[in-house]
Amino acid sequence: MQIINVKHPLKKEQLPTEATVLIMGFFDGVHLGHQKVIKTGVKLAKEHNLKSILLTFDRSPRTVYQHETNFKYLSTRSRKAQLIEGLGVDYLYFVKFTPDFAHLKPQEFVDQYMIDLKAKYIVAGFDYTYGKKDVANMANLPNYSKGNFETVMVPEQLINDQKIGSSAIKEFITNDKIAEANEFLGYNYQNQGKVIHGLQRGRTLGYPTANIAVDGDQVIPSIGVYATKIKVDGVWYNSMTSVGYNVTFKENTGITIESNIFDFNRDIYGEPVVIEWVKYLRGEVKFDGADGLIKQLELDKRNSLKVL
Ligand SMILES: Cc1cc2nc3c(=O)[nH]c(=O)nc-3n(C[C@H](O)[C@H](O)[C@H](O)COP(=O)(O)O)c2cc1C
Ligand SMILES: Nc1ncnc2c1ncn2[C@@H]1O[C@H](COP(=O)(O)OP(=O)(O)O)[C@@H](O)[C@H]1O
């Protein structure tokens, strides 16, 4: 898959040479609903011997049109690209959400992106809109196509009568329901980050913990203890991870994310890591001292190994 970064307007050399299927959306998290849309586009491209393009943006349209500040994402840019590549897309266009781009009128957007990208089919989810809300949607898109393309709308995807959506998944992740989040995502939720220094107490408890600072604006699971996997230097290890305030030791360090990695003994300060959240085990407990915490950590390790 080739990644093309666009700062409006599209440059001539960024245009495809062949006819395409254009898959449209922000696709935060690339959950099962998104996967359905993307697979529909990729399949259509194969059937008609066309290239597939996925057009997305460098930030959530909600931060632009609804002025949402403090927006948290289910996928970093690189994670999103990795998930999309796994679905067989040929070209991924990341458009920078500049004011110029955001203010394009529907016909301008259709002309300068959909038609110029040589789309024969536009594939998107049922609730896709482009530009300011209520101006342009899948229902009125054919009015702007000038006969250049057909539109394919993928209907709402449900699990247990609930819409598979990024907002529901964020609610799950931040409310101890990582299992439900993983079910809706179709894979286990991950965060990317790097190992930073903690208070160096972990090793004195017999459980060294890699303290992790996550990159960018990612959704972090709710306070508690989780069975996890962690990727260090390209290798996945089993681990258990705490998201918490270290209430037993009453330090005002704010929320820390700390992983004790099983069968591992290496200095990894500064290294990039990926944490995969497999199962929520319990909430954070204030123990009377280190002994109580150590006993609980033994139990957490056993419980983690059962599910990993
Ligand atoms: C799996 C796991 C579970 C934990 N559970 C708790 C807990 O319930 N209560 C608590 O106060 N701290 C808990 N901790 C955090 C420890 O207090 C912390 O790892 C230890 O103080 C080391 O901190 P340091 O990395 O800053 O040295 C947990 C840590 C891990 C890895
Ligand atoms: N099994 C392990 N799990 C996590 N970190 C480990 C492990 N073995 C060695 N380390 C290293 O030790 C550090 C954690 O030790 P710790 O005493 O908890 O210090 P800190 O408080 O700085 O995190 C990690 O950042 C990592 O570099």
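Residues numbered from 1 in each chain as written. Chains lettered and ligands numbered in written order. Predicted model: local features only at pLDDT ≥ 70, side-chain atom pairs only at ≥ 80, totals over all residues. Heavy atoms only, no water.

The protein is annotated in an unreviewed UniProt entry as Riboflavin biosynthesis protein from Companilactobacillus pabuli. Annotation of the protein in UniProt includes, under Sequence similarities (unreviewed entry), the sentence "Belongs to the ribF family." (UniProt positions renumbered as here; feature names shortened; annotations may be inferred.)

Trainee: Quick rundown of the pattern of salt bridges? Include the residues and the values.
Mentor: The full count for this structure, using the stated rule, is seven salt bridges. Between Lys-43 and Glu-47 there is a salt bridge, and its shortest N-O distance comes to 3.5 Å. Taken together, the residues Lys-43 and Glu-47, both in helix H1 (residues 32-47) and four residues apart, mark about one turn of the helix. Given the relative accessible area of 56%, Lys-43 is considered exposed. Residue classification places Glu-47 among the exposed residues on the basis of a relative accessible area of 52%. With a closest N to O distance of 3.8 Å, Glu-271 and Arg-266 form a salt bridge. (Salt bridge = Lys/Arg side-chain N within 4 Å of Asp/Glu carboxyl O. Helix = DSSP H or I, 4+ residues; strand = E, 2+ residues; numbered from the N terminus. Buried < 20%, exposed > 50% of the residue type's maximum accessible area, 1.4 Å probe, protein only.)

Trainee: So what about the site of ligand 1? Which residues, and what values?
Mentor: Near ligand 1 lie 23 residues; those nearest to it are Arg-201, Thr-209, Thr-248, Glu-258 and Val-285. Side-chain polar atom of Asn-211 to an oxygen atom of ligand 1: 3.0 Å apart, as the coordinates give it. For ligand 1, an oxygen atom lies 2.6 Å from a polar atom in the side chain of Glu-258. A molecule is said to occupy a pocket when more than half its atoms come within 2 Å of that pocket's grid points, and by this definition ligand 1 occupies the second largest pocket. (Near = heavy atom within 4 Å. Polar contact = N/O pair within 3.5 Å; in protein donor to acceptor, adjacent residues only side chain to side chain. 1 Å grid on protein atoms, 1.4 Å probe; cavity = no way out; pocket = protein on both sides within 12 Å on 5 of 7 lines; lining within 4 Å. Sits in = over half its atoms within 2 Å of the grid points.)

Trainee: A description of the sheet that holds strand S6 (residues 150-154) should follow, citing residues and the corresponding values.
Mentor: In spatial order, the strands read S1-S4-S3-S2-S5-S6; together these six strands make up an open sheet with parallel pairing. Looking at which strands have only one partner, the edges of the open sheet turn out to be strand S1 (2-6) and S6. Within this sheet the neighbouring strands show an average axis-to-axis angle of 20 degrees, counted without direction. Note that strand S5 (residues 119-125) and S6 share five bridges and pair parallel. The partner of Gly-125 across the bridge, within S6, is Val-154. (Pairing = 2+ DSSP bridges. Axes fitted to C-alpha atoms, helices over the stretch in contact; angles between N-to-C directions.)

Trainee: Hey, could you go over the site of ligand 2 for me, with residue numbers and the actual values?
Mentor: If you check the shell around ligand 2, you find 20 residues, and the closest are Gly-198, Gln-200, Arg-203, Thr-209 and Tyr-269. Between ligand 2 and Pro-208, the relevant distance is 3.4 Å, taken from a nitrogen atom to a main-chain nitrogen or oxygen of the residue. Considering ligand 2 on its own, with 560 Å² of exposed area, one finds that the protein chains cover 95% of that surface. Elements supplying a minimum of two residues to the shell around ligand 2: strand S10 (210-214) and strand S13 (256-261). Looking at side-chain class alone, the shell around ligand 2 contains eight nonpolar, eight polar and four charged residues. (Areas by Shrake-Rupley, 256 points an atom, 1.4 Å probe, with all protein chains shown as cover. Nonpolar A, V, L, I, M, F, W, Y, C, P; charged D, E, K, R; others polar.)

Trainee: Tell me what's going on with the pairing of strand S2 (residues 20-24), and back it up with residues and numbers.
Mentor: Within S2, five of the five residues are buried, leaving the element largely enclosed by the surrounding structure. Of the two faces of S2, the one lined by Thr-20, Leu-22 and Met-24 and the one lined by Val-21 and Ile-23 are each fully buried. The sheet contact formed by S2 and strand S3 (residues 51-57) spans five bridges and is parallel. Across the sheet, the residue bridging to Ile-23 is Leu-54, located in S3.

Trainee: Lay out the environment of Tyr-269 in plain terms, naming residues and giving numbers.
Mentor: Considering the arrangement of structural elements, one finds Tyr-269 in the loop between S13 and strand S14 (272-282). A relative accessible area of 32% places Tyr-269 in the partly exposed class. Each C-alpha atom of the pair Tyr-269 and Asn-211 lies 8.7 Å from the other, and the pair is 58 residues apart in sequence. Every residue in contact with Tyr-269, bar those within four places of it in the chain, is listed here: Val-195, Ile-196, His-197, Gln-200 and Arg-203. (Contact = heavy atoms within 4.5 Å.)

Trainee: How would you summarise the packing of helix H6 (residues 166-173) against helix H7 (residues 178-185) if you had to cite specific residues and measurements?
Mentor: Where H6 contacts H7, the two axes come as close as 7 Å, and the packing angle between them is 155 degrees. Judged on the interaxial angle alone, H7 and H6 are roughly antiparallel. Crossing of H6 against H7: the hand is left-handed. Packed against H6, whose contacting residues are Ile-169, Phe-172 and Ile-173, the element H7 presents Ile-178, Glu-180, Ala-181, Phe-184 and Leu-185 at the interface. For the contact of H6 with H7, the per-class residue count stands at seven nonpolar, no polar and one charged. (Parallel < 35°, antiparallel > 145°, perpendicular 65-115°, else oblique. Left-handed = near helix turned anticlockwise from the far one by under 90°.)

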